[in-house]
Amino acid sequence: MITLDLASTTFLLVAVCGILCAIQLCYVFGIYNRIHRHFKKKNEAAGTELPPLSVIIVTKDSGSALTKNLPAILEQDYPEFEVIVINDKSAGEDENILKLLSDKYNNLYHTFIPETARYVSRKKLGIAMGIRASRYEWLVVTEPYCCPVSRNWLRRLAEQMTPNTDIVLGYSNYLPQKGWFARRITTDSFFHSLRYLGMALAGNPYMGIGRNLAYRKSLYEKHKGFADHLQLQRGEDDLFINAVANKYNTRVASGEDSIVRMPIPPYKRIWFEEKMNAMVTGHYYQGMARFINVIDTWTCGLFHLATISALAFSIIEQQWIGMDLIVLFWLIRFISTMTVFHHTSRDLNENLCCIFPLFDILRPLWSLVRQMQYLLRKKKDFLRNLNSATLL
């Protein structure tokens, strides 16, 4: 009779794999699967009155992006909205392009950040200026490089703006492009969205991304804007939402029309710096979200390591039942994870299925490498002088 020796190393590793597999399945079905369920569910908020909107964009040397993407925003199929563009001392042709577009579109307004504002995060200052200039209660924040995939983008966001809602989160990702780097960062962005949008749908919102984000002007004013993290260069989106979001006031936009896309960064360094800034602001998150994400990453990595170790010991110790159990745990997690990723990627119009298995294996290693790179960086690189803080 074939049995599993309860005193063997194989049994211990099988037990560890079982526990890690159970934890991973909680993430897969408790968080990551929520976007697929949300997109398939009938929109309960649809049909509500569409409030007037103020779209805010901060630009710096993005003339070609403005020429391409701004008309797609200005020509949205929406009853009443304004677009406010704040020019951050561009050396390029941004101002000329904005003047030409404002002659064509009467709902486009633009201004510039004063050169005297030298010691404040200019991105935060630009958004603050846009908010002050806005006429409407609901604000939509995006970036010059982002382009909505549909003329109904603002409608999809507004459908979630119920009387009890203060924040609406939307999905954003890169445009499809060939090459390993492009597919890697697109998959990374997709997975990151699964986390923060899934957590919001689970009733624990902890961040937003300023490429596709809406919130009330009164919420911003009540919280005194970005006053609690002026020392950081960034945080105008994720840290602000982390401070003001809760399970009652936050909703997630649904439907393919709610997506915005941007081009792949021309240099890998740009994306790397974005990840570093995200790690810096992540250390200031309130609540348990940061630890929940860490637990997911490391239980994923430990599960892969434990699976390999258990297979090796089961062969050495000839514990064939242990081998069967290990293979069963691995198959359950793999099929569950890939199924959820596949369905959600189809909902979000992503073609990433071929890279999912490799990404699933490498993401704990990439996370470790980024942590080491972060520890080697000078923290002052991410800080700003607090003079002129009252401007915000």
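For the structure itself, look to the data block above.
Residues numbered from 1 in each chain as written. Predicted model: local features only at pLDDT ≥ 70, side-chain atom pairs only at ≥ 80, totals over all residues. Heavy atoms only, no water.

A.B. asks: What should I look at first to understand the overall build of the protein chain in this one?
C.D. replies: In terms of helices and strands, the protein chain carries 13 helices and 10 strands. Along the three orthogonal principal directions, the C-alpha set of the protein chain runs to about 85 × 50 × 40 Å. Put simply, the protein chain has 392 residues, and 54% of those count as buried. If you take every contact in the protein chain between residues at least 6 apart in sequence, the share linking residues at least 24 apart comes to 85%. Total accessible area computed for the protein chain in this model is approximately 18500 Å², and 59% of it derives from carbon and sulfur atoms. Separation between the mean location of the 45 positive side-chain charges and that of the 35 negative ones in the protein chain comes to 3 Å. (Helix = DSSP H or I, 4+ residues; strand = E, 2+ residues; numbered from the N terminus. Buried < 20%, exposed > 50% of the residue type's maximum accessible area, 1.4 Å probe, protein only. Contact = heavy atoms within 4.5 Å. Areas by Shrake-Rupley, 256 points an atom, 1.4 Å probe, with all protein chains shown as cover. Lys, Arg positive; Asp, Glu negative; His and termini not counted. Charge placed at Lys NZ, Arg CZ, Asp CG, Glu CD.)

A.B. asks: Got a minute to help me understand the pattern of salt bridges in this structure?
C.D. replies: Pairs can form between side chains of opposite charge once their charged atoms are near each other. Using the criterion set out here, one finds 15 salt bridges in the structure. For the salt bridge of Arg216 with Asp166, the shortest nitrogen-to-oxygen distance reads 3.1 Å. With Arg216 in strand β8 (residues 213-216) and Asp166 in the loop between α6 (153-158) and β6 (167-169), this residue pair connects regions lying 50 residues apart in the sequence. Judged by relative accessible area, which is 15%, Arg216 ranks as buried. One salt-bridge network, held together by shared partners, links Arg195, Asp296, Arg333, Asp360 and Arg363. (Salt bridge = Lys/Arg side-chain N within 4 Å of Asp/Glu carboxyl O.)

A.B. asks: Hey, could you run me through the nonpolar core in this one?
C.D. replies: Within soluble globular proteins, side chains that are nonpolar tend to cluster in buried spots. Ranked by size, the top nonpolar core spans 60 residues in total, and within it Tyr32, Ile167, Leu169, Tyr215, Ile241 and Phe341 carry the most contacts. With seven residues, helix α7 (residues 180-201) is the largest single contributor of residues to this core. Beyond its immediate chain neighbours, meaning those up to four positions away, Ile167 contacts Trp138, Leu213, Ala214, Tyr215, Leu219, Ile241, Val244, Ala245, Asn249, Thr250 and Arg251. Core analysis: the second largest hydrophobic core is formed by 35 residues, Ile73, Val83, Cys146 and Val168 among them. (Core = buried A, V, L, I, M, F, W, Y, C linked by side-chain atoms within 4.5 Å.)

A.B. asks: Looking at this structure, how should I read the sheet that holds β6?
C.D. replies: Backbone-to-backbone hydrogen bonds join strands into a sheet, with any given pair of strands oriented parallel or antiparallel. An order of β3-β2-β1-β4-β8-β6-β9 is seen for the seven strands of this open sheet, with the pairing classed as mixed. Across the chains shown, the open sheet's two edge strands, defined by having one partner strand only, are β3 (108-112) and β9 (250-252). This sheet shows a mean twist of 20 degrees between the axes of neighbouring strands, independent of strand direction. Packed onto the sheet, helix α3 (residues 63-74) meets β1 (53-59), β2 (81-87), β3 and β4 (138-142) and runs at close to 155 degrees relative to β2. Strands β1, β2, β3, β4 and β8 of the sheet are contacted by helix α5 (residues 122-133), whose axis makes an angle of about 150 degrees with β1. (Pairing = 2+ DSSP bridges. Axes fitted to C-alpha atoms, helices over the stretch in contact; angles between N-to-C directions.)

A.B. asks: Help me understand the side chain of Ser134 in this model?
C.D. replies: Tracing the backbone shows Ser134 in the loop between α5 and β4. At a separation of 2.5 Å, a polar atom in the side chain of Ser134 contacts the main-chain carbonyl oxygen of Ile131. Contact partners of Ser134, with chain neighbours within four places excluded, come to Ser54, Glu82, Ile84, Leu139 and Lys217. (Polar contact = N/O pair within 3.5 Å; in protein donor to acceptor, adjacent residues only side chain to side chain.)

A.B. asks: Would you mind going over the packing of aromatic side chains with me for this structure?
C.D. replies: The way to describe two aromatic rings as a pair is by their centre distance and the angle between their planes. Counted under the stated rule, the structure contains 17 aromatic pairs. For the pair Phe359 and Trp366, a centre-to-centre distance of 5.9 Å together with 55 degrees between the ring planes defines the contact as tilted. For the pair Phe359 and Trp366, a shared accessibility class is recorded, and that class is buried. Aromatic rings pair up to connect Tyr32, Trp180, Phe190, Phe191, Phe341, Phe356, Phe359 and Trp366 into one cluster. Positioned over the ring face of Trp366 is Arg184, at 4.1 Å from the centre of the ring. (Phe/Tyr/Trp six-rings, centres within 6.5 Å; stacked < 30°, edge-to-face > 60°. Lys NZ or Arg CZ within 6 Å of the ring centre and 35° of its normal.)

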